[in-house]
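Observations on the three-dimensional arrangement
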Amino acid sequence: MIQELTGAGFRVVALQRGPYLRAPDFVSDDELRTASLFSPEQIETWRPDANSPTQTGRFNFVAHCVGGTMAEWAGLSWRFRSDEFRVLSAEGPVPGANLADWPIDYEELEPYYERAEWEYGVAGDAAANPYGAPRRRGYPNPSVPDRTASLRLARGATRLGYRPFPAPMAINSRPYRGRPACTYGGACSGYGCPVGARGTPLSVSLPRAHTTGLLDLRPNSLAFQIELGRDGRARSVRYLDQERREEREVFARQIVVAGNAIGTPHLLLLSRSASFPDGLANSSGLVGRNLMFHVLVQVSFTIDEPALGFTGLENHRAIDDLHASDPRRGFIRGGVVTEVNFPHKQPLGYALLSHTDYGGGRRNWGGAFKEYLRKFPQVVAAAAVLEDLPMDENRIDLDPDVADAYGLPVPRITHRQHPNDLAMSAWYRARLLEIADAGGAVETWVPLEVTEEKPTKGGSHIHGTCRMGTDPSRSVVDRWCRSHDVPNLWIVDASVFPTSSGYNPTLTILANAFRVADHFVAEAKKGAL
Amino acid sequence: MPLTRRDFVARSAFYGSTFWLLWNVPRPLAFRAAQESGQRLVLTEDEWKLVEAITGRIIPTDHEPGAIEANCVNFIDKVLAYEDAYLKPTYYGGLPGVEAVSEERFGRPFVELGAEEQDAVLAVLESGDVPSWPSAQVAPEEFFEAVRVHTIIGFLADPSYGGNREYAGWKVVGYPGPRHALGGYSPEQMIGEQNIRTIWGEEV
């Protein structure tokens, strides 16, 4: 939005919680700085349902810095398939879930997907994915090279009759539009890119917006209240200058919120007024509701040769044969499988995080543990990103008991699993184990799955909470991501997703932003804003 | 603002585990201290020997170096001097406990025990079931987990933090070091068709 609006001649003030980190801040692969670099102040609470006590912690992988979580994203760039925009029509109502169709369809988004792929330099092989959504144009860059781990996973998948293909990644496989090719340094997702080969706001859109001279970017600016004018329009944003510890206010004619599906409803719910006692733009009562993550299932295994997971990107190969919804499997919906190097891209992640899943009660010190450490280069992993169904009671609200470092109530996550999730998780677990076996697994373990005992508390894919729709009583924003209640308030992030799809969300967030920006600019030119 | 021990205990619960908290802490002051000197900053000579012996059982020496050769105790000394100073009470409460259990079980100080005896002492601490434990402030399993995680971080974090001496930890696990700043990897290296040059200049 910033790139498009400044490009169209609008003056934009951008408020971002946290610092403006740039390439020099990212040169180190130092594991002791990983998470604390991006969101040192992040606190959330979680509970499975309204009757349970909350836990306090950090459950979501988000980045409080300029560029947002894309500053450290993996780069997986999927187009949703057409049925992912009409889940209610495709499946019919499901008890306990709040399925919906999107007010837009794939055809409307297709040109914007293309736009996003070309702006961010997606590397891929469109012809190699037998299940990809129809497209008018291929990817701008050839697919990224494999590592041994991805080849071994692909070998296993092929033996089972699946058709693995290079994952589409918004990471330069060759120099592209003034940005260098990736050096395949291994510590990718979770780290900032030291060379700007990864397509992010830091490398793509903000440099362009800066050249217009129309962007007033204010890092370390924590927005905590959108003020409403007497005319019912959003008037200003109050924010905390985090460096000076001063409150400030910025006035604007149009206000766009893009704080991710937790930060956005958090800000709206904080913005209470006489007209909106339950939070701004919340006449539907749906702000914060229908929170969706993804059902994540991961199987890790060792092979009899170096898999070299410490090289390359987060993901190299994908398998989409298991994605299509099939109720005969005992659940609806599904998702994509990719080869991943989390958390074994670096030794500490492997030693500490991965071992808790590998262990199964095995001793996490001593000679046996040292043997485990020696398997670090041999690890391959396959992860499934699966559709999480929207549920009314799964939501973000303001925690009445826990405040952050600034005294603001923290976002409280209420999220429990639909029975569909549990059946889906178990089914994919079994399929991934088969792929591991077929890929020559020596030892196998399951770092991620969703069961009654292991519910999802967060993730890096956060959706819902301000759903897009045509009926103002059943959605928060309209098809142009404009609030039904407040005409100059826009929400342009995955909050507006009515359903969560079986793909990583970022390319769809970008494509939708290009679509909304086109509309914004056209309406502004007509004087209709 | 430095953490207090109370914060630590509370936040460990928040984060679900001690290691998650300890892992994701930047330690620039410990880093600088380790660059300046290998001298003891916090631990006394006896404490140093005792901590070193414990680390030696967390990651034992076999045909390859372990935590002792990697100088994990030096890492622990440096972080206790700075960013992890809030854990000093955990160590000061725990170390006499180690000696108490060693004396009770085997009649000798920990550093004089054989490897199996030392492991038996640590397993008792890990279990948390230690009737003779002398510290009211620090639980035995809490102390053990702090030393365990510190040892692993010392073994595998960048050598600049004072452990992982001569890249001992990275050599054991087969990690060539962070190559991002050194140009990353070639496509041939990513599939094992070309040697990888470690950051310490070895071809593997």
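A count of helices and strands for chain A gives 11 helices and 17 strands. For chain A, the C-alpha radius of gyration of 22 Å lies close to 24 Å, the compact-globule estimate for 529 residues. Principal-axis analysis of the C-alpha atoms gives chain A an extent of 70 × 50 × 45 Å. Taken over 529 residues, chain A has a buried fraction of 59%.

One can read the domain layout of chain B as domain 1 (5-173) and domain 2 (178-204). On a C-alpha basis, the centroid separation for the pair domain 1 of chain B and domain 2 of chain B is 32 Å.

Turning next to the interface of chain B and chain A. Taken together, the 38 residues of chain B in the interface contact 39 residues of chain A. Counting only elements with at least two residues in the side of chain B that touches chain A, the list comes to helix H1 (5-15), helix H2 (18-23), helix H4 (45-58), helix H8 (140-156), helix H9 (168-173) and helix H10 (187-190) of chain B. Looking at the side of chain B that touches chain A element by element, the count peaks at 4 residues for H8(B). Of the residues belonging to the side of chain B that touches chain A, the class tally is 23 nonpolar, 8 polar and 7 charged.

This paragraph deals with the nonpolar core. Nonpolar side chains in soluble globular proteins tend to end up buried together. With 204 residues, the main nonpolar core has Met169(A), Val297(A), Val337(A), Ala382(A), Ala383(A), Leu432(A) and Val492(A) as its most contacted residues. Each of domain 1 (5-173) and domain 2 (178-204) of chain B gives at least three residues to this core. Setting aside residues no more than four positions away along its own chain, Val492(A) makes contact with Met1(A), Val256(A), Ala258(A), Cys481(A), Asn512(A), Ala513(A) and Val516(A).

Time to look at the sheet that holds strand S7 (residues 234-241) of chain A. Residues and elements named next belong to chain A. Reading across from one edge, S6-S7-S8 is the order of the 3 strands in this open sheet, with antiparallel pairing throughout. Of all the strands in the sheet, just strand S6 (221-228) and strand S8 (246-251) have a single pairing partner and so form its edges. Pairwise comparison of adjacent strand axes, ignoring direction, gives a mean angle of 25° for this sheet. Bridging between S7 and S8 involves 6 bridges; their strand directions are antiparallel. In the sheet register, tyrosine 239 faces S8, and the bridge partner there is arginine 248.

Residue and element names in this part refer to chain A. In this fold, phenylalanine 276 is placed in the loop between helix H7 (260-270) and strand S10 (294-302). For phenylalanine 276, a count of 20 C-beta atoms within 10 Å gives the class buried. In sequence terms phenylalanine 276 and leucine 398 are 122 residues apart; their C-alpha atoms lie 15 Å from each other. Excluding residues that lie within four positions of it along the chain, phenylalanine 276 makes contacts with Leu228, Ala281 and Asn282.

With that out of the way, let us pick up helix H7 (residues 115-127) of chain B. Residues and elements named next belong to chain B. Under the 1.5 Å per step criterion, the end-to-end length of H7 is 18 Å for 13 residues, consistent within 8% with the ideal 18 Å. Considered for burial, the residues of H7 that qualify are Gln118, Val121, Leu122, Val124 and Leu125. Along H7, the residues classed as buried sweep out an arc of 155° about the axis, all on the same side. Across H7 from its buried face, at more than 90 degrees, point the exposed residues Glu116 and Ser127.

As a further point, take the sheet that holds strand S15 (residues 409-414) of chain A. Residue and element names in this part refer to chain A. Spatial strand order, S3-S2-S15-S14: 4 strands in an open sheet with mixed pairing. Two strands in the sheet have a free side with no partner beyond their single neighbour: strand S3 (55-57) and strand S14 (395-403). Taken over all neighbouring pairs, the strand axes of this sheet differ in orientation by 35° on average, direction set aside. Where strand S2 (residues 44-47) and S3 come together, 3 bridges link them in antiparallel fashion. Each residue of the ladder has a partner; that of tryptophan 46, found in S3, is glutamine 55. Together, S14 and S15 form the strand contacts of H7, whose direction differs from that of S14 by roughly 65°.

Residue and element names in this part refer to chain A. Summarising the element assignment, arginine 245 is placed in the loop between S7 and S8. On the basis of neighbour count, arginine 245 is assigned to the exposed category, with 8 C-beta atoms found within 10 Å. Along the chain, arginine 245 and tyrosine 112 lie 133 residues apart, while their C-alpha atoms are 40 Å from each other.

A separate point is unusual backbone geometry. All names here are of chain A. Cis geometry is adopted by the peptide bond preceding proline 343, which originates at phenylalanine 342 and carries an omega value of -5°. Within the secondary structure layout, proline 343 lies in the loop between strand S12 (335-340) and helix H8 (347-359). The phi dihedral of serine 501 is positive, around 65°, even though this residue is not glycine. Along the polypeptide, serine 501 turns up in the loop between strand S17 (489-491) and helix H11 (506-525).

Residue and element names in this part refer to chain B. Relative to each other, helix H3 (residues 28-36) and helix H5 (residues 72-81) sit at 125°, their axes nearing to 8 Å. The angle between the axes of H3 and H5 places the two elements in the oblique class. H5 is crossed by H3, and the crossing has right-handed handedness. The residues of H5 that touch H3, namely those facing Ala30, Ala33 and Ala34, are Lys78, Val79 and Ala81. When its residues are assigned to classes, the contact of H3 with H5 shows 5 nonpolar, no polar and 1 charged.

Glancing now at the packing of helix H4 (residues 106-120) of chain A against H11(A). Residue and element names in this part refer to chain A. Following both chains from N to C, one finds H4 and H11 inclined at 110°, their axes separated by 8 Å at the closest point. Comparing the axis directions of H4 and H11 gives the class roughly perpendicular. Like other packed secondary-structure pairs, H4 and H11 cross with a definite hand, here right-handed. Note on element contacts: H11 touches H4 through Leu507, Leu510, Ala511, Asn512, Phe514 and Arg515, opposite Leu109, Tyr112, Tyr113, Arg115, Ala116 and Tyr120. Within the contact of H4 with H11, the residues separate by chemical class into 9 nonpolar, 1 polar and 2 charged.

Cut-offs used in this document
- Residues numbered from 1 in each chain as written.
- Chains lettered and ligands numbered in written order.
- Predicted model: local features only at pLDDT ≥ 70, side-chain atom pairs only at ≥ 80, totals over all residues.
- Helix = DSSP H or I, 4+ residues; strand = E, 2+ residues; numbered from the N terminus.
- Rg over C-alpha atoms; globule rule 2.2 N^0.38 Å.
- Buried ≥ 20, exposed ≤ 12 C-beta atoms within 10 Å, placed from the backbone.
- Domains from an automatic or database assignment.
- Contact = placed C-beta atoms within 7 Å.
- Nonpolar A, V, L, I, M, F, W, Y, C, P; charged D, E, K, R; others polar.
- Core = buried A, V, L, I, M, F, W, Y, C linked by C-beta atoms within 7 Å.
- Pairing = 2+ DSSP bridges.
- Axes fitted to C-alpha atoms, helices over the stretch in contact; angles between N-to-C directions.
- Expected span 1.5 Å × (residues − 1).
- Arc of directions from axis to C-beta.
- Parallel < 35°, antiparallel > 145°, perpendicular 65-115°, else oblique.
- Left-handed = near helix turned anticlockwise from the far one by under 90°.

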